[in-house]
Amino acid sequence: MNRRLLQIATAVLACVPTVTGLLAMTGLDDPLYHALQLPRDATLDSNLRFYAGVWLGLGAAAFWLLPRIERETVLFRFLWLMIFIGGIGRLLSLVLAGMPLPPYIGFTILEVIGAPLFIWWQSRVAQAAMRKLNRIEH
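Residues numbered from 1 in each chain as written. Predicted model: local features only at pLDDT ≥ 70, side-chain atom pairs only at ≥ 80, totals over all residues. Heavy atoms only, no water.

Focus: the UniProt feature "transmembrane region" (unreviewed entry) in the chain
Those places that UniProt annotates as "transmembrane region" (unreviewed entry) correspond, in this numbering, to residues 48-66, 78-98 and 104-121. Note that residues 78-98 is 95% helix and 0% strand, and that its end C-alpha atoms are spaced 29 Å apart. A distance of 24 Å separates the end C-alpha atoms of residues 104-121, which is 100% helix and 0% strand. (UniProt positions renumbered as here; feature names shortened; annotations may be inferred. Helix = DSSP H or I, 4+ residues; strand = E, 2+ residues; numbered from the N terminus.)

Printed below as a string of structure tokens:
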């Protein structure tokens, strides 16, 4: 569970909100929504584009912290907290609206179970970096 593996895993996962955020900035023309034949509604399109921008920003923030992943504990935890809360929203949707497409079940698992695991992993990497720094200083 070293720093490099955490950086790689974070970079791979950061590609998801970055790529899907860019794609979703097309609003109702996003292939996912377009295939659902949703009504052309300016409010829905606006909301989809707004949330896509927030999602894209999350991906950008994840890439930004990569070089200092062991020192960016607050931002790392905050990003994963946002993802965890989003996963809780997906769980509510599952209960209230029914089963989504299969990939979204996987996303929900990553968001609800993976988020705490990534936070734990980063805390281990941060602690190891702090111990190493303390040894160097003494």
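So, the side chain of glutamine 7
Turning to its location among the elements, glutamine 7 is positioned in helix 1 (residues 3-24). Reaching out from glutamine 7, the side chain makes a polar contact with the backbone oxygen of leucine 66 at a distance of 2.7 Å. Those residues in contact with glutamine 7, other than ones at most four positions away along the chain, are Leu66, Pro67 and Ile69. (Polar contact = N/O pair within 3.5 Å; in protein donor to acceptor, adjacent residues only side chain to side chain. Contact = heavy atoms within 4.5 Å.)

Details of the packing of helix 1 against helix 3 (residues 42-65)
Between helix 1 and helix 3, whose axes approach to 7 Å, the crossing angle comes to 155 degrees. Taken together, helix 1 and helix 3 sit at an angle that is classed as roughly antiparallel. When the axes of helix 1 and helix 3 are compared, the crossing they make is left-handed. Contact residues: helix 1 offers Thr10, Ala11, Ala14, Cys15, Val16, Pro17, Thr18, Thr20, Gly21, Leu22 and Ala24, while helix 3 offers Leu48, Arg49, Ala52, Trp55, Leu56, Leu58, Gly59, Ala60, Ala62 and Phe63. Counted by class, the contact of helix 1 with helix 3 contains 15 nonpolar, five polar and one charged residues. (Axes fitted to C-alpha atoms, helices over the stretch in contact; angles between N-to-C directions. Parallel < 35°, antiparallel > 145°, perpendicular 65-115°, else oblique. Left-handed = near helix turned anticlockwise from the far one by under 90°. Nonpolar A, V, L, I, M, F, W, Y, C, P; charged D, E, K, R; others polar.)

A few points about the environment of valine 16
Within the element layout of this structure, valine 16 appears in helix 1. Judged by relative accessible area, valine 16 falls into the partly exposed class, the value being 37%. For the pair formed by valine 16 and phenylalanine 118, sequence separation is 102 residues and the distance between their alpha carbons is 16 Å. Other than its neighbours up to four places away in sequence, valine 16 contacts Gly21 and Trp55. (Buried < 20%, exposed > 50% of the residue type's maximum accessible area, 1.4 Å probe, protein only.)

Describing the pattern of salt bridges
A complete count under the given rule lists six salt bridges for this structure. Salt-bridge contacts for glutamate 70 lead to arginine 3; the nearest nitrogen and oxygen are separated by 2.6 Å. Pair noted here: glutamate 70 is in the loop between helix 3 and helix 4 (73-97) and arginine 3 is in helix 1, with a separation of 67 residues, a long-range link. Across the pair glutamate 70 and arginine 71 runs a salt bridge, and its minimum N-O distance is 3.1 Å. Since its relative accessible area comes to 13%, glutamate 70 is described here as buried. Given a relative accessible area of 57%, arginine 71 falls into the exposed group. Among the charged side chains, a network of salt bridges with common partners joins Arg3, Glu70 and Arg71. (Salt bridge = Lys/Arg side-chain N within 4 Å of Asp/Glu carboxyl O.)

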